[in-house]
Amino acid sequence: TMAAKELASFDATSAAAVPLREQFEMLDLSNMAWALASSSYNHGPLIDAIASQSLALLQSAGPQSYIGNPSSLCWAMWRLRQPHHERALFRRFGELGVLVELVACGIELTGNQWRRLDPVDVRMDEAMREVCFWTSGGPAGAAVAAD
């Protein structure tokens with residue numbers, strides 16, 4: 001948990017960032033969301049501002065637009081327990097033709113499944129089967145359990 005002084009600093013910085021949201025680009029928003037999620041600091045107004053500005057930028061994005069870091073942004077919303085923002089962003093990235101499966105795998109690897117794999121001996125094919133089961137016939141453990 002954060003110390004009171006650190007929490008006060010996060011509160012002040014977050015409150016100051018909310019009105020500036022329209023000045024941030026996608027990478028700024030992705031990085032901010034990642035920082036909040038990594039510190040487990042859930043400042044509702046700033047999270048809403050990040051999601052709102054991200055969706056506004058993505059609404060006008062095209063094939064040549066820079067979209068920041070989709071994995072970090074979606075992962076942060078998942079980590080901060082903001083499923084409505086996570087789903088809306090994920091859906092928009094999909095509409096833009098971003099490789100949704102790779103974004104989803106990145107979110108799963110960083111947020112949920114990665115800790116189950118040996119970090120010294122990571123076998124990417126096993127990791128991808130584990131988290132991208134919808135294209136490989138089922139989770140890696142499912143085939144073993146069925147035998």
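Note that this is a predicted model, so its numbers are computed, not measured.

(A) Expanded view of the overall build of the protein chain. From N to C terminus, the protein chain includes 9 helices and 0 strands. Ordered by position from N to C terminus, the α and β elements of the protein chain give α-α-α-α-α-α-α-α-α. Taken over 147 residues, the protein chain has a buried fraction of 36%. Considering only contacts in the protein chain between residues 6 or more positions apart, those separated by 24 or more positions represent 66%. Counting every atom, the protein chain has about 8700 Å² of accessible surface; 56% of that belongs to carbon and sulfur.

(B) Local environment of the packing of helix α4 (residues 70-79) against helix α5 (residues 83-95). At their nearest, the axes of α4 and α5 sit 8 Å apart, and the two run at 160° to each other. With respect to each other, α4 and α5 are oriented roughly antiparallel. As for how α4 packs across α5, the hand of that crossing is left-handed. Taking contact as the criterion, the partners of P70, L73, C74, M77 and W78 in α4 are, on α5, H85, E86, L89, F90 and F93. When the residues that make up the contact of α4 with α5 are grouped by side-chain class, the tally is 8 nonpolar, 1 polar and 1 charged.

(C) Just helix α2 (residues 26-38), in detail. Taking 1.5 Å per residue, 13 residues should reach 18 Å; α2 reaches 18 Å between its end C-alpha atoms and fits that length. Burial in α2 covers these residues: M26, L29, S30, M32, A33, L36 and A37. Looking straight down α2, one finds its buried side chains confined to an arc of 165°; they lie on one side. Buried residues along α2 sit against α1 (4-17), α3 (44-59), α4 and α5. Just past α2, the residue S40 takes up positive phi, approximately 60°.

(D) Expanded view of the nonpolar core. Counting residues in each nonpolar core, the largest one holds 25 residues, and the members touching the most others are L36, L46, I50, L73, M77, L89 and F93. Contributions of two or more residues to this core are made by α2, α3, α4 and α5. Residues in contact with F93, not counting those within four places in the same chain, are M26, L58, I67, P70, L73, C74 and V98.

(E) Representation of the environment of D11 within the structure. Following the sequence through the fold, D11 ends up in helix α1. Expressed as a C-alpha distance, the spacing of D11 and Y41, which sit 30 residues apart in the sequence, is 9.2 Å. Excluding residues that lie within four positions of it along the chain, D11 makes contacts with Y41 and H43.

(F) Geometry of the pattern of salt bridges. Under the definition given, this model contains 1 salt bridge. The partner of R92 in a salt bridge is E95, with the nearest N and O atoms 3.2 Å apart. In this pair, R92 and E95 both sit in helix α5, 3 residues apart, roughly one turn of the helix.

(G) Summary view of the packing of α3 against α5. Relative orientation of the contacting elements α3 and α5 amounts to 15°, with a least axis distance of 10 Å. Taken together, the axes of α3 and α5 are roughly parallel relative to one another. Like other packed secondary-structure pairs, α3 and α5 cross with a definite hand, here left-handed. Across the interface between the two elements, I47, D48, A51, S54, L55, L58 and Q59 from α3 touch H85, A88, L89, R92 and F93 from α5. The class makeup of the residues in the contact of α3 with α5 is 7 nonpolar, 3 polar and 2 charged.

Rules used in this analysis
- Residues numbered from 1 in each chain as written.
- Predicted model: local features only at pLDDT ≥ 70, side-chain atom pairs only at ≥ 80, totals over all residues.
- Heavy atoms only, no water.
- Helix = DSSP H or I, 4+ residues; strand = E, 2+ residues; numbered from the N terminus.
- Buried < 20%, exposed > 50% of the residue type's maximum accessible area, 1.4 Å probe, protein only.
- Contact = heavy atoms within 4.5 Å.
- Areas by Shrake-Rupley, 256 points an atom, 1.4 Å probe, with all protein chains shown as cover.
- Axes fitted to C-alpha atoms, helices over the stretch in contact; angles between N-to-C directions.
- Parallel < 35°, antiparallel > 145°, perpendicular 65-115°, else oblique.
- Left-handed = near helix turned anticlockwise from the far one by under 90°.
- Nonpolar A, V, L, I, M, F, W, Y, C, P; charged D, E, K, R; others polar.
- Expected span 1.5 Å × (residues − 1).
- Arc of directions from axis to C-beta.
- Core = buried A, V, L, I, M, F, W, Y, C linked by side-chain atoms within 4.5 Å.
- Salt bridge = Lys/Arg side-chain N within 4 Å of Asp/Glu carboxyl O.

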